[in-house]
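Listed here are the chains, written in short residue letters.
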Amino acid sequence: MGPAILRLVGWAALIAVLVAPQVLLPFIAPLAPAGAPVLYDRASLAALFAAHAAMVAGATVAAVLVAVPLAIVVTRPSGAAYQPLARLLVNLGQTVPPVAVLAITVPLVGFGVWPTCIALFAYGLLPVFEGALAGLRLVPEDVRDSAQGMGLTPGQVLVSAELPLALPQILSGIRVSAIVAMGTATIGSTVAAPGLGEVIIAGLLSDNAAFVAQGGGIVALAAVLMADALAVLERRAARP
Amino acid sequence: MDPMIVVDAVSRRYGDRTVVDGVSFAVPRGAITAVVGKSGSGKSTLLRMINRLVEPSAGRVLVGGRDVAEEPGPMLRRRIGYVIQGIGLFPHRTVFDNVATVPRLLGWPRQRVADRVGELLDLLGLPRSFGERYPSALSGGEQQRVGIARALAADPPVLLMDEPFGALDPLIRRKAQQDLLALRARLGTTVVIVTHDLDEALRLGDRIAVMEEGRLLQEGPPEELLRRPAHPAVAALMEGARRALRLLALVSVGDAAEPADPAAVGLAGRPRIDAEASLEEALSVLLWAGADSLAVDGPPGGPPREVTLRAILARARQE
Ligand SMILES: Nc1ncnc2c1ncn2[C@@H]1O[C@H](COP(=O)(O)OP(=O)(O)OP(=O)(O)O)[C@@H](O)[C@H]1O
Ligand SMILES: [Mg+2]
C-alpha cells in the first residue's frame, strides 16, 4: 500500500498549500530575506494554480485533438504519403523553443494567456503524435487483418481494435506532453499570463527564495501528482 | 447442384508481377476444397479474393451464385467466416467478446449472442468459463479454436481458412482436423482451406487444388490427383513412391469390407479393425499380424464382415 499512501499524502499536501498557504511558514520562513514577506501576497496561490492548470489542460487537450487525428490519418493507407510532412510540422513545434514561440506570437495575439497556450500546444504536439504513431504501428497486422476479414468497416477497425490497443502509448505521449507543459507554463508569466511562474519570477526579482520555493514547489508537486495519475490510467489501459 | 463458390478466370497483379494467374475452379455446396502449393504460390491471395480482402485484377468470384463485387466488402465478409494464418484474436477483448464480434455487428439481441457464443464454445470443446478469459491466457491450440469459433459465429455458409492448424502440434492438429470434418458434417458449411501439408489436404479435402507460381496446376478429387496427375509438379507433390499408400488412406475399411461367411474358420479369433479406420491402417494391422484378412467392427447390428489383403491391394493398384 506504499504508493497509495504516498499518493494520498501528496494530494493532501497540495490541497493544504493551496487552501492554507500559511502551513508553509515553518518550512520556508528561513528562506525569506529579513523583513520581506514569506508568502506571496499579490494574488492567491489557489487562483494562480487554477490559471496555471487551466493553461496546461487547455494546451494539452488541443495538442491531443490535433496530434491524435494526425497520427490516425498518416497511418491509413491513403494518408501514408503525408507522414513525412506531419513529422516535419510536429518536430518544428518541438525545435522552436517556447520562449521563441512567445516572441513570435506576442506581436500577433498580444500579451497574456494566448501566446502561452500556443507555445505549450506547439511544444506538446510531438510527444502525443509520436506516442499515437507508435501505438498505432504496434497494433499487430494479424489483428487488423482478422478484424477486416470479419467484416468490420475501416472505421470500426479503428475504433474497436486499433485505438484501444494503441491507448497505452497514446496516454504515455499525453503524459509526457502534460508534464512538460506544467513546467513550461511558468514562462507564461514573462508575457503576463497568470500562473505560478509569477510567484517564481517575483522571487527572483526581489531575491526572495521563499517565493521561488513555494512557486517552484507547487509546480513540481503538481507535475509529479499528475504524472502519477496519468501513469495509473496508462496501466489500466494496458490491461490485460 | 450449383456450386457454392465459383472462381472464374481470376488474376491478381502487383505491379508487373502476376501472383494469381487465370485461376478457375468451383467448390460444391458443403464440400471442402484444400488449396496446396509452395510458399509464395498465391494461395493466400487466391483465398483473400473470395472475400474481397484483395480485389481481383481480372475475372470474377461468385459466392452462392452472386458476384462478390456487387456487395460492399464488409457486408460480404460478415457472411463468410475467415480464419487467418496468425489467428488474430483481439488481445484486449475476452474470448466471449471475440467470438461475439460478428453477431454484434449484425445487431443480434444480447441473449441470442450469449446463447450462440456458449454453443460455439461447446462445439469446439472449450469450457464455457473460457469466455471470461483473455486470449493471452489460452494455449496456442485453444486460441486457434477460438479463432474458428469466431469465424463460425454468425453461421456463415462459407468458411475460408488460411493454414488454420499451422501452429498446432501433430496430435492436436489431428484432433482439430477431425473437429473440422465433424463441424462440416453438422453444419453443411462449404470450406476452402489453404495448407502446406499434403497429408492434411488429403485427409480433409473432398477436392484438392494445386497452385504453382500463381497458376492452378490441377483441381479435382484427391484420388484423381493421385492416380492421374496432370502435371509433373503435381506428381512430384504427391510423392509418386508413396502414392499407393496415400490412395489407401483415402478409403475407409467399411467401404472395402465384404460379407464374411460366419461358418469360416476362426472369424472370431482374427485381428479386428473398426469400419471407420482407413485401408492404410488396415494394411498396417495385416502386415503386423501376418494375417490376410481382418474382421470388421461396426456398424452395430450389421452382418459380420471382413476386409481382405486382396481387396486392399486391389484398391492401391494403378488403373
Ligand atoms: N500486397 C502485396 N503486394 C505485393 N506483392 C504481394 C502482396 N501480397 C502478396 N504478394 C506476393 O504475391 C505472392 C503470393 O503471395 P501469397 O501470400 O498469396 O502466397 P502463399 O501461397 O499464401 O504463400 P505462403 O504459403 O508463404 O503463405 C508472393 O510472392 C507475395 O510476395
Ligand atoms: Mg499464405
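Since the structure is predicted, the reported quantities are computational estimates derived from the model, not experimental observations. Per-chain numbering applies: the sequence of each chain, read as written, is numbered from 1 onward. Chain letters start at A and ligand numbers start at 1, both assigned in the order the entries are written. Under the rules for a predicted model, residues below a pLDDT of 70 receive no local features and side-chain atom pairs below 80 are neither given nor counted, while totals for whole chains, interfaces and linings still include all residues. Excluded from the side-chain calculations are hydrogens and water; all other atoms, namely the structure's heavy atoms, are used.

**Q** Help me understand the packing of aromatic side chains, please; the structure alone is not making it clear to me.
**A** Given two aromatic rings, one states the distance between the centres and the angle between the planes to describe the pair. Any Phe, Tyr or Trp ring, taking Trp's six-membered ring, that has another such ring centre within 6.5 Å forms a pair; planes under 30 degrees apart are called stacked, those over 60 apart edge-to-face, and the others tilted. Tallying each qualifying case throughout the model produces one aromatic pair over all chains. Judged by centre distance (5.3 Å) and plane angle (85°), the rings of Y40(A) and F211(A) are edge-to-face. You can see Y40(A) sitting in the loop between α2 (25–28) and α3 (45–74) and its partner F211(A) sitting in helix α10 (residues 209–238), a full 171 residues away along the chain. Directly above the aromatic system of F90(B) lies the positively charged group of R150(B), at a separation of 5.3 Å from the ring centroid. Put simply, DSSP H or I for four residues or longer makes a helix, DSSP E for two residues or longer makes a strand, and each gets a number counted from the N terminus. Note on criteria: charge over ring means Lys NZ or Arg CZ within 6 Å of the ring centre, with the direction from the centre no more than 35 degrees off the ring normal.

**Q** What is the right way to read the interface of chain A and chain B from this model?
**A** Taken together, the contact between chain A and chain B spans 17 residues of the former and 22 residues of the latter. Accessible surface is computed with a 1.4 Å probe, and the buried area is the amount of it that two parts give up when combined, taken over both parts together. Between chain A and chain B lies a buried interface of about 1,600 Å² when both sides are counted; carbon and sulfur atoms form 65% of it. As used in this structure description, the phrase polar contact means that two N or O atoms lie within 3.5 Å; if the pair is within protein, one of them must be able to donate a hydrogen and the other to accept it, and residues adjacent in sequence are counted only when both atoms belong to side chains. Viewed at the interface, chain B and chain A are joined by eight residue pairs in polar contact (both at pLDDT 80 or more). Those elements giving two or more residues to the side of chain A that touches chain B turn out to be α7 (141–149) and α8 (154–184) of chain A. For the side of chain A that touches chain B, the leading source of residues is α7(A), giving seven residues. The residue inventory of the side of chain A that touches chain B, partitioned by class, reads eight nonpolar, seven polar and two charged. Here a residue-residue contact requires only that any non-hydrogen atoms of the pair lie within 4.5 Å. Amino acids are sorted into nonpolar (Ala, Val, Leu, Ile, Met, Phe, Trp, Tyr, Cys and Pro), charged (Asp, Glu, Lys and Arg) and polar (every other residue, Gly among them).

**Q** Help me understand the sheet that holds strand β8 (residues 190–194) of chain B in this model?
**A** Backbone hydrogen bonds hold the strands of a sheet together, and the pairing may be parallel or antiparallel. All names here are of chain B. A pair of strands is considered paired only if DSSP assigns at least 2 bridges between the two. A sheet is described by the order of its strands in space; here six strands give the open sequence β6-β7-β8-β3-β9-β10, paired in mixed fashion. Taken across any chain shown, the strands that pair with only one partner, and hence form the sheet edges, are β6 (80–83) and β10 (215–220). Within the sheet, the average angular offset between the axes of one strand and its neighbour, ignoring direction, is 15°. Two elements, strand β3 (residues 32–37) and β8, share four bridges in a ladder whose sense is parallel. As a rule, the C-alpha atoms of each element are fitted with a line to give its axis, helices using only the stretch in contact, and angles between N-to-C directions run from 0 to 180 degrees.

**Q** Where do I start with empty space enclosed by the protein in this structure?
**A** Where empty space is left in the structure can be found by rolling a water-sized probe over the atoms. All names here are of chain B. Of the two site types, the cavity is a set of points on a 1 Å grid over the protein atoms alone where a 1.4 Å probe fits but cannot get out, and the pocket is an open set with protein on both sides within 12 Å along at least five of seven lines, each lined by residues with an atom within 4 Å of a point. Grid points are joined across faces, edges and corners, and a volume is the space filled by probe spheres set on the points. Scanning the model with the defined rule gives two cavities of 30 Å³ or more in all. What lines the largest cavity is a set of 14 residues, and nearest its centre among them are R77, I80, G81, V102 and A151. Mapped onto the lining of the largest cavity, the elements with two or more residues apiece are α2 (73–78), β6 and α6 (140–152). At three residues, the largest contribution of residues to the lining of the largest cavity is made by β6.

**Q** Any chance you could explain the pattern of salt bridges here in plain terms?
**A** Oppositely charged side chains may form a pair once their charged atoms are brought near each other. Residue and element names in this part refer to chain B. Salt bridge, as used here: a side-chain nitrogen of Lys or Arg that lies within 4 Å of a carboxyl oxygen of Asp or Glu. Tallied over the entire structure, the rule returns 28 salt bridges over all chains. Two residues, R128 and D122, come together in a salt bridge whose shortest N-O distance is 2.7 Å. In this structure D122 comes out as partly exposed when scored by relative accessible area, which is 43%. A salt bridge links R227 to E223, with the nearest nitrogen and oxygen atoms 3.0 Å apart. Of this pair, R227 and E223 are both found in helix α9 (residues 222–227), four residues apart, which corresponds to roughly one turn of the helix. Here the term buried applies to any residue with accessible area under 20% of the maximum for its type, exposed to any over 50%, and partly exposed to those in between, with areas from a 1.4 Å probe on protein chains only. Given the relative accessible area of 17%, R227 is considered buried.

**Q** Got a minute to help me understand the pairing of β10(B) in this structure?
**A** Across a regular strand the side chains alternate sides, sitting on one face of the sheet and then on the other. Looking at chain direction, strand β9 (residues 207–212) of chain B and β10(B) are connected through five bridges and run antiparallel. Note on β10(B): the bridge partner recorded for A209(B) is E219(B).

**Q** I keep staring at the environment of A43(A) and nothing clicks. Help me out?
**A** All names here are of chain A. One can find A43 in the loop between α2 and α3. Overall, the relative accessible area of 27% leaves A43 in the partly exposed class. Between the C-alpha atom of A43 and that of V199, which follows or precedes it by 156 residues, the distance is 9.0 Å. Ignoring anything within four residues of it in the chain, the contact list for A43 reads L48 and E198.

**Q** Please explain the domain arrangement of chain B as it appears in this structure.
**A** Size of an interface, as often reported, equals the accessible area lost when the parts are brought together. For the domains described, the bounds stem from an automatic or database domain assignment. Along its sequence, chain B is organised into domain 1 (3–240) and domain 2 (251–317). One C-alpha centre belongs to domain 1 of chain B, the other to domain 2 of chain B; they are set 35 Å apart.

**Q** Would you take a moment to explain the site of ligand 1 for this structure?
**A** Residue and element names in this part refer to chain B. Here, proximity means that at least one heavy atom of the residue falls within 4 Å of the molecule or strand. As a structural note, the neighbourhood of ligand 1 is formed by 14 residues, with S39, G40, K43, S44 and T45 the closest of them. Here an oxygen atom of ligand 1 sits 2.7 Å away from a polar atom, N or O, in the side chain of S44. Residue T45 places a side-chain N or O atom 2.5 Å away from an oxygen atom belonging to ligand 1. Contact with the protein chains covers 63% of the free accessible surface of ligand 1, which is 630 Å². Secondary-structure elements contributing two or more residues to the shell around ligand 1 are β2 (17–27) and α1 (43–50). It is α1 that contributes the most residues to the shell around ligand 1, three residues altogether. Note on areas: these come from Shrake-Rupley sampling with a 1.4 Å probe, and a residue is covered only by the protein chains present in the view.

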